[in-house]
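# A look at the structure
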Amino acid sequence: MLGSDSGFTARVKAVLGPTNTGKTHLAIERLLAHASGVIGFPLRLLARENYDRMVARKGARYVALITGEEKIIPPEARWFSCTVEAMPLDRATEFVAVDEIQLCADPDRGHVFTDRLLHARGMVETMFLGSETIRPLLQRLVPNAQVDTRPRLSQLTYAGPAKLVRLPPRTAVVAFSAAEVYAIAELIRRRKGGCAVVMGRLSPRTRNAQVALYQDREVDFLVATDAIGMGLNMNVDHVAFAGLGKFDGHRPRRLTASEVGQIAGRAGRGMKDGTFGTTTQCPPLSDELVRAVEAHQFEALDTLCWRNSELDFSGVEALLDSLTPPPPRQGLVRGNDSSDLETLLALSRDPDVRRLAHGRNRMRLLWDACQIPDFRKLADDTHTRLCARVFDHVARETEVPTDWLASQIGALDRAEGDIDTLMQRLSGVRVWSYIAARSDWVKDTLHWQACARQVEDKLSDALHERLISRFVDRRAAHLMRRLDGSDGEDLLSAVTTRGDVVVEGHSVGHVAGFGFVPDPAAVGDEKKLVLRAARRALRAEMPRRVGAVETAADAGFALTRDHLVTWTDVPIARLMRGTTPLRPKVQVLDSEFLDGAERERVRRRLQTWLDGQISADLAPLFAAETAVQSAPALRGPLHRLTQALGLIPGLDEETLAPAVRAALRALGVRSGRFALFMPALMKPRAAAMRARLWALCSGIATPELPDAALVSVPAQQTAWPAGFAAAVGWVEAGPILLRLDVAEKIAGELGFRLRRGPSALPSGLASRFAVKADLLPAVLRQLGFRVLPAAGLEPDQHGPPAPAMLLPPRRRRAVVEAPRPLVRASGPFAALAALRR
């Protein structure tokens, strides 16, 4: 990752600022804009989260994930999401970024971040992200770095102290020990219904599940350690500190102002402002600290932790000496002895290890074994013995024995136990995930990684369930006790965006339109109490919903076959017959939560929408009605047509006069053989609206119409009420119902053919009716035509057979014989003579 020697100067940029400034988003965008790149995060959770984002943008084929416990490296990987410790420094990429660079000052991990600050470079661009506190030292150590300060997107305000039971919803309570977290979570469970829990010892899967519990509003409170200060972007409105001191692994100490700011900055994400304060026994924050946090102005770091990275692998003592030289520059100091150095010191006193650790390769192997993370922190020599055994196996046998690996992972594959037991097992699985990810130590590394991940997922899910069971109380007895004790005055109640009504952290039902549907599990007295609490929660919700209906787009409303008006798929009104078929009325469904004025506001909005739908779907009919206002001769037919929803079945004698028919045709109205109608209203939308209005006037549910592409349907398969088929444009034609416009068109064509007498039956007529040929005579008979079947030839006759003939309707009693073939076959005009007869 060193810069190129081609003369091109790679750009080094530091993007500094408080939380919620979009620094990480900027770095990801810059990373993916380059042909290749690596970004290092302080947490495995963050590396995994941003890996998923990068995969969504670039595809899994080109994106890699490298952490201590997890390695996904496709052959064509170009962009890498890593933990800072796992960044592949030997890989040349165009872009390199390190997040939370102010962790250079951390006594335990700071030397890793400082090493990346001094040495990790992209060939084209390098970016460091972090707090303003590192600016002076960064500019001194990396003088060519361009520093860019980004302001916070939202405002952070101090809200003062508050009792735990008075904290607002969407609050994160921060404590600094597991015992404090458990105690506060138990109290919130009793008083507020439940909370999510986030601690540093949780696995990423469990932590994500707990965060999802909070984000999905199943609970309105979060209790966390200072692990919340990094890598968790949630919809937190308020952060409450339960204390200002912590044990940092070496000694108890107070939080620094910048640490308070980092944690408080979780409140208010994006453009939404946030607040912070104190709770329980934590004293109020000092004015000086409040000003610093609100203004995001903290004392600059005066030292960064450093450890030599140019190691001497010629021997044990040489390696130890190369790990402990004094810092070479001002502003750099040695941090705490890290776990890997302490493990190396312990193993250097083991004669067996010293005998095996000869040569540079063995020394590198020993150092790699010492760097196995001590996630379990058992405060004994368990971890040291594990590192020694791994070193011994790989040094002697070149790999870790698979039976030992399987037994160690299998011993952890148990989901029973309490919260602390499961967290301890998860720490053990993380150690073995790290070992399994070393392809130079483990045979078939992908298989063993999958085994370890499977156990981790199993334990993570079990831990999530234990946390819910302990800190989310869903018992109905507790809900009833709170409702009785407070008489609804001190209840935490809300309506989620999905319509769920939450009282004291418990879902008691949901809002459907302007009604409340209680939880079916609530019965008897409990149901009464739930309804009382829900009414209080819905006092503000129902006026909001009335306003939402008034401003809703037309697409949000719909009609059902039962003449109900739905909003977001929930019925809120019904249609009633109006003064005319084209003017139905809207009646809002009964609701105890709406007063008269609110009900009228809803009715007016829905009536406006309904009138608009009818006017749009039947626009040709309304346009014709308007056009005949100045033509008295046409008002009568158009008035009758309007009252009949655009179609009057049967032959209309009043409109048969040529002048009237011509005038109506100009208006889009056709006076046909089977009905007076408007062809434009036969289209699917108009037909559906006419069917709906006819059914409403008839007091029945709207029958289902056939597919718009069909021209005929079997009469026996349509369970339509009497009169419906003719009203909506289907002509009874024997065994079938025929679409009116198709029937008029074909009947007109056949009538034209018969204007001078019988005619041969046109070919393809059955397919135009979409019926079988044997049904054609019955269909034509109902349309007013007769068919004479073709006559066959006698044995002594010759010539072409006579075709089937189409005859006009019978008007008088007369015998019409079918044409006979000519007897003499030798006549050249035999066929013509047959046609003439």
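Residues numbered from 1 in each chain as written. Predicted model: local features only at pLDDT ≥ 70, side-chain atom pairs only at ≥ 80, totals over all residues. Heavy atoms only, no water.

## Here's the deal with the side chain of threonine 93
In plain terms, the rule: In this description a helix means any DSSP run of H or I spanning at least four residues, a strand means any run of E spanning at least two, and both kinds are numbered starting from the N terminus. Whether a residue is buried, partly exposed or exposed follows from its accessible area with a 1.4 Å probe, protein chains only, as a fraction of its type maximum: under 20%, in between, or over 50%, in that order. In protein, a polar contact requires one atom able to donate a hydrogen and another able to accept it; more generally it is a pair of N or O atoms within 3.5 Å, and residues adjacent in sequence count only if both atoms are side-chain atoms. Only heavy atoms enter the contact rule, under which two residues are in contact if any of them lie within 4.5 Å.
Note on placement: threonine 93 falls in the loop between strand 5 (79–83) and strand 6 (95–98). Judged by its relative accessible area of 1%, threonine 93 is buried. A polar contact is formed between the side chain of threonine 93 and the backbone oxygen of phenylalanine 95, at a distance of 3.1 Å. Those residues within four positions of threonine 93 in sequence are excluded, and the remaining contacts are Ser36, Gly37, Val38, Gly122 and Met123.

## A few points about the pattern of salt bridges
This is how the line gets drawn: A pairing counts as a salt bridge when a side-chain nitrogen of Lys or Arg comes within 4 Å of a carboxyl oxygen of Asp or Glu.
A full pass over the atoms with the stated rule returns 43 salt bridges. Put simply, glutamate 125 and arginine 30 hold a salt bridge, and the shortest N to O gap is 2.8 Å. Taken together, the residues glutamate 125 in strand 7 (residues 125–130) and arginine 30 in helix 1 (residues 23–33) connect sequence positions 95 residues apart. Its relative accessible area of 2% is what places glutamate 125 among the buried residues. Since its relative accessible area comes to 27%, arginine 30 is described here as partly exposed. The partner of aspartate 115 in a salt bridge is arginine 116, and the shortest N-O contact between them spans 2.8 Å. The same class applies to aspartate 115 and to arginine 116, which are both buried. Beyond isolated ion pairs, a larger network of salt bridges with shared partners links Arg44, Arg48, Asp52, Glu69, Glu70, Arg430, Arg453 and Glu456.

## Quick notes on helix 10 (residues 339–347)
Worth spelling out the cut-off: Comment: arc refers to directions from the helix axis out to C-beta atoms.
By the burial criterion, the buried members of helix 10 are Asp340, Leu341, Thr343, Leu344 and Leu347. Viewed along the axis of helix 10, the buried residues span an arc of 160°, placing them on a single side of the element. Looking at the packing, one finds that the buried side of helix 10 touches helix 9 (316–323), helix 11 (351–356), helix 12 (360–370) and helix 13 (382–397).

## Quick notes on the nonpolar core
Counted only if it meets this: Side-chain atoms within 4.5 Å are what join buried Ala, Val, Leu, Ile, Met, Phe, Trp, Tyr and Cys residues into a set we call a nonpolar core.
Membership of the largest hydrophobic core comes to 67 residues, with the highest contact counts inside it found for Leu366, Val390, Phe391, Val400, Ile435 and Trp441. In terms of residue count, the dominant contributor to this core is helix 15 (residues 419–436) (ten residues). The residues contacting phenylalanine 391, other than those within four sequence positions of it, are Val353, Leu356, Ala357, Arg362, Leu365, Leu366 and Ala369.

## Brief notes about empty space enclosed by the protein
The criterion, for reference: In this analysis a 1.4 Å probe is tested at points of a 1 Å grid over the protein atoms alone, and where it fits but cannot get out there is a cavity; an open set with protein on both sides within 12 Å along at least five of seven lines is a pocket; lining residues have an atom within 4 Å of a point. Grid points are joined across faces, edges and corners, and a volume is the space filled by probe spheres set on the points. Only Asp, Glu, Lys and Arg are considered charged, only Ala, Val, Leu, Ile, Met, Phe, Trp, Tyr, Cys and Pro nonpolar, and every remaining residue, Gly among them, polar.
What the rule picks out here adds up to four cavities of 30 Å³ or more. Estimated volume of the largest cavity: approximately 90 Å³. Lining the largest cavity are 14 residues, and of these Trp306, Arg307, Arg334, Gly335 and Asn336 sit closest to its centre. Considered class by class, the residues forming the lining of the largest cavity number five nonpolar, five polar and four charged. Approximately 60 Å³ is the volume attributed to the second largest cavity. Taken together, Arg44, Glu69, Glu70, Ser433, Gln449, Ala452, Arg453 and Glu456 make up the lining of the second largest cavity. Tallying contributions element by element places helix 16 (residues 445–471) first for the lining of the second largest cavity, with four residues.

## A look at the side chain of aspartate 220
Tracing the chain through its elements places aspartate 220 in the loop between helix 6 (204–215) and strand 12 (221–224). Apart from residues lying up to four places away in sequence, aspartate 220 is in contact with Pro169, Arg170, Thr171 and Tyr214.

## Considerations on the sheet that holds strand 32 (residues 736–739)
For clarity, the cut-off: Any two strands are treated as partners once DSSP identifies two or more bridges connecting them. To define axes, lines are fitted to C-alpha atoms, for helices over the stretch in contact only, and angles between the resulting N-to-C directions are given on a 0 to 180 degree scale.
Spatially, three strands are ordered 30-32-31 in an open sheet, and the strand pairing comes out antiparallel. The outermost strands of the open sheet, each flanked by one partner alone, are strand 30 (712–714) and strand 31 (730–733). Strand after strand, the sheet turns through a mean of 25° between neighbouring axes, direction not considered. Relative to strand 32, strand 30 is paired through three bridges, and the arrangement is antiparallel. Residue serine 712 lies in a different strand from strand 32, and its bridge partner there is leucine 738. Helix 26 (residues 740–753) rests against strand 31 and strand 32 of the sheet, and its axis sits at about 80° to strand 32.

## Quick notes on the environment of leucine 32
Along the chain, the position of leucine 32 falls in helix 1. When the C-alpha atoms of leucine 32 and arginine 756 are compared, they prove to be 80 Å apart, with 724 residues separating the residues in sequence. In this structure leucine 32 touches Met54, Arg57, Lys58 and Trp79, once residues within four positions along its chain are discounted.

## Looking at the packing of aromatic side chains
Condition: The criterion for an aromatic pair is that two Phe, Tyr or Trp rings (for Trp, the six-membered ring) have centres within 6.5 Å, with stacked assigned to planes under 30 degrees apart, edge-to-face to planes over 60 apart and tilted to the rest. Lysine and arginine charges are scored as sitting over a ring when NZ or CZ, respectively, is within 6 Å of the ring centre and within 35 degrees of the ring normal.
Counted under the stated rule, the structure contains eight aromatic pairs. Ring centres of tryptophan 404 and tryptophan 432 lie 5.1 Å apart, and the angle between their planes is 85°; this geometry places the pair in the edge-to-face category. Here tryptophan 432 lies in helix 15 and tryptophan 404 lies in helix 14 (residues 402–411), a separation of 28 residues in the sequence. Ring pairs connect the aromatic residues Trp694, Trp720, Phe724 and Trp730, which therefore count as one cluster. Its end group placed over the ring of tyrosine 214, arginine 170 keeps NZ or CZ at 3.9 Å from the ring centre. The residue whose ring lies beneath arginine 470 is tyrosine 182, and the NZ or CZ to ring-centre distance is 4.8 Å.

## What to know about the confidence of the model for the chain
As a reminder of what qualifies: A score from 0 to 100, pLDDT tells how confident the predictor is in each residue.
The share of residues in the chain with pLDDT of 70 or more is 91%, and the mean pLDDT across the chain is 86. The least confident element of the chain, judged by mean pLDDT, is helix 17 (residues 476–486) at 47; the most confident is strand 6 at 97. pLDDT under 50 marks residues 2–7. Its contacts with residues more than four places away, or in other chains, come to five contacts. Contacts from residues 812–834, a stretch scored under 50 in pLDDT, to residues over four places away or in other chains number 16 contacts.

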